[in-house]
Structure formats: C-alpha cells, structure tokens
Amino acid sequence: MNQKDDITEEMIHKQLRTKVFGKTIYYKEEIDSTNTEAKRQAAEEAGHGLLVIADRQTLGKGRRGRSWSSPKGTGIWMSLLLRPKLAANKASMLTLVTALSVAEAIFENTGLETSIKWPNDIVVNGKKVCGILTEMSADNSGILYVVIGIGVNVNTREFPEEIQAIATSLLIEKSKQTMQVCINRSGLVSDILEKLEQNYEAFLVNEDLSFLLESYNKKLANRDRQVKVLGSDGQVELSGIAKGINKEGELLVETEEGLVEVRSGEVSVRGLYGYV
Ligand code: BTN
C-alpha cells in the first residue's frame with residue numbers, strides 16, 4: 001500500500017466520473033477556508049459545479065461559528081459551488097442529500113459502515129468522521145448560489161485533545177479491521193462527487209427528499225434514541241425520541257406533547273459524542 005497520499009488537481013481529474021461536478025477544480029496547497037474561497041469565486045461569476053479543494057485550511061469553518069481542524073495531508077477539505085434553480089427554503093435539504101452521498105461513498109470506497117447524526121454529521125463507531133457546512137446566497141428570485149463544504153477526516157492519526165473524544169478518521173477506524181496505512185484521498189473525492197451528482201439530480205426531480213428517505217432513515221444514528229434539541233443559545237428546546245426524517249428533511253421527534261417536526265437546531269443523541 002502506497003504510504004504517500006498526495007491530493008492534486010490532476011489526480012482528482014484522472015479519477016473523476018462526473019458530468020459537471022468537479023469538472024472545474026481550483027486546488028490550493030493551503031487556503032483560509034474552501035467555503036470562503038468558493039464564495040469569493042461565486043461573487044466573480046464562477047459556474048455551477050466548481051470544486052474548491054485544499055490540502056490544508058488555516059481558517060476551516062464548522063457549523064455554528066465553530067472552527068474546523070484541517071491539518072495538511074490528512075483530510076478532504078473541499079467545497080462545491082452549485083447554482084440550483086430552487087426556492088431558498090429548499091437549500092437546507094441539499095445538506096442531507098450531501099450527508100447521504102458522503103456516507104454512501106465512504107462505504108463503497110472503504111467498506112466502513114457509517115451512520116448519520118441528523119442533519120449532517122457522518123459517524124463511524126460513535127465518533128464523527130465528516131462534517132458538512134452549507135452556505136447560501138439568495139434574493140427574491142431564489143437561490144443565487146449554494147456552497148457545500150465537506151470536511152472528511154481521512155488519514156488523521158491523532159486529533160487535538162479537545163476533540164479526541166468525539167472525532168475519528170477513516171484510517172483509524174479501518175485499521176481496527178485490517179492493516180491499512182493510507183486511504184487514497186483523490187479516489188474518495190471522486191467517489192463523493194459521483195454519488196453527490198447522482199443524488200442531486202434525483203433531488204431535483206421532486207425538489208424533496210422522498211427519493212432518499214428510506215436509505216437516510218436506515219443510517220440515522222438518532223433513530224429511536226433519546227435526543228435533546230438545542231436552540232441557538234444552547235438551551236434545550238425539546239427532548240424526546242427521534243423517529244426519522246420526513247421528505248422535507250425535518251427530524252420527527254416523539255415528545256410527551258406529540259410528534260414534533262424539528263427544522264433546524266443542534267441535536268444531542270444519547271450515546272453519541274459523550275451524551276449519556
Ligand atoms: C461541521 O461543523 O460539522 C461542519 C464542518 C465543515 C468543514 C468543511 S472543511 C471544507 C469546508 N471549508 C470550511 O471552512 N468548512 C467546510
């Protein structure tokens with residue numbers, strides 16, 4: 001097994017089987033954040049399908065204003081620019097489309113079973129391997145662009161102390177099953193883009209998630225488990241048992257007052273990331 005895992009524009013191009021996604025690639029060894037760069041390029045009229053990818057991010061962004069650790073040579077830090085003709089309130093569904101696509105690509109590429117913590121964390125053996133940050137610009141006519149940022153911990157061997165309990169990498173998990181020294185990042189990038197393009201096309205047919213409900217719900221780590229939904233101030237807004245998502249991507253939570261559709265918010269799942 002090759003221990004060196006370079007990720008270059010040329011290597012991604014060679015393996016790419018998509019029609020549009022990633023046909024134009026903007027690659028940098030180092031960048032502030034691929035999402036920020038994709039938004040800069042969107043402002044300069046960059047087209048649908050542009051892929052921005054870097055080997056290291058100095059200011060990687062997570063959800064809710066958090067930072068995202070993105071060291072050199074270890075992960076996939078990439079952002080896809082899309083210009084869908086959609087109403088702005090449909091953009092959040094793209095995040096779930098992406099989560100399922102990444103989960104499917106990881107399974108095909110590595111054989112690792114993943115689950116999804118609603119709406120979009122990908123989890124292996126109870127720890128997070130991938131996060132997704134979707135950012136949108138819209139006006140009265142609808143979406144101008146969407147940037148889907150995907151961060152996958154691929155060949156990370158060790159995490160900063162503050163995230164060791166909740167983060168893992170594909171390599172760490174794979175090497176529990178077999179002697180593996182490196183996972184090829186360019187191959188996984190093209191697998192993710194291929195799945196994402198297929199699922200994106202399927203999503204556009206009805207502009208809802210009916211086409212993936214069954215597969216997403218099967219992978220849902222929250223399903224039939226006790227969850228707490230936190231508001232933007234971090235306070236618990238409701239708790240109950242998660243039952244699955246509906247075709248709008250909302251999480252259905254059975255509470256003492258009945259079934260509640262949760263549209264957004266942070267969800268803690270009992271048994272995941274240290275919630276007991
Ligand atoms: C999360 O908090 O779970 C979302 C993390 C998203 C990280 C990715 S890495 C590529 C892209 N660029 C960023 O700055 N963030 C996203």
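Residues numbered from 1 in each chain as written. Predicted model: local features only at pLDDT ≥ 70, side-chain atom pairs only at ≥ 80, totals over all residues. Heavy atoms only, no water.

**With respect to the pairing of strand β2 (residues 51-57)**
Burial within β2 is extensive, with 6 of its 7 residues counted as buried. By the bridge criterion, 6 bridges tie strand β1 (residues 25-31) to β2 in an arrangement that is parallel. Each bridged residue has a counterpart across the sheet, and for Ile25 the counterpart in β2 is Leu51. Crossover handedness for the path β1 to helix α2 (residues 34-43) to β2: right-handed. Relative to strand β3 (residues 75-82), β2 runs antiparallel, the two being bridged by 4 bridges. Along β3, the bridge assignment pairs Ile53 with Met78. (Buried < 20%, exposed > 50% of the residue type's maximum accessible area, 1.4 Å probe, protein only. Helix = DSSP H or I, 4+ residues; strand = E, 2+ residues; numbered from the N terminus. Pairing = 2+ DSSP bridges. Right-handed = clockwise from strand over helix to strand, strands pointing away.)

**Remarks on the site of the ligand**
Near the ligand you find 20 residues, and of these Ser33, Gln57, Lys61, Arg63 and Lys128 are the closest. In this structure, a nitrogen atom belonging to the ligand sits 3.0 Å away from a side-chain N or O atom of Thr34. Between the ligand and Gln57, the relevant distance is 2.9 Å, taken from a nitrogen atom to a side-chain nitrogen or oxygen of the residue. Relative to its free-state accessible area of 410 Å², the ligand is covered by the protein chains to the extent of 98%. Going through the elements one at a time, α2, β3, β6 (127-139) and β7 (142-153) are the ones with two or more residues in the shell around the ligand. With 4 residues, β6 is the largest single contributor of residues to the shell around the ligand. In terms of residue class, the shell around the ligand is built from 6 nonpolar, 10 polar and 4 charged. (Near = heavy atom within 4 Å. Polar contact = N/O pair within 3.5 Å; in protein donor to acceptor, adjacent residues only side chain to side chain. Areas by Shrake-Rupley, 256 points an atom, 1.4 Å probe, with all protein chains shown as cover. Nonpolar A, V, L, I, M, F, W, Y, C, P; charged D, E, K, R; others polar.)

**Concerning the pattern of salt bridges**
Within the structure shown, the criterion is met by 18 salt bridges. Across the pair Glu194 and Arg17 runs a salt bridge whose closest N-O atoms are separated by 2.5 Å. Linking Glu194 in helix α5 (residues 185-206) with Arg17 in the loop between α1 (9-15) and β1, this pair joins segments that are 177 residues apart in sequence. Exposure remark for Glu194: the relative accessible area of 23% places this residue in the partly exposed category. With a shortest N-O distance of 2.9 Å, Lys176 and Glu173 are connected by a salt bridge. When salt bridges that share partners are traced, they join Arg17, Asp191 and Glu194 into one network. (Salt bridge = Lys/Arg side-chain N within 4 Å of Asp/Glu carboxyl O.)

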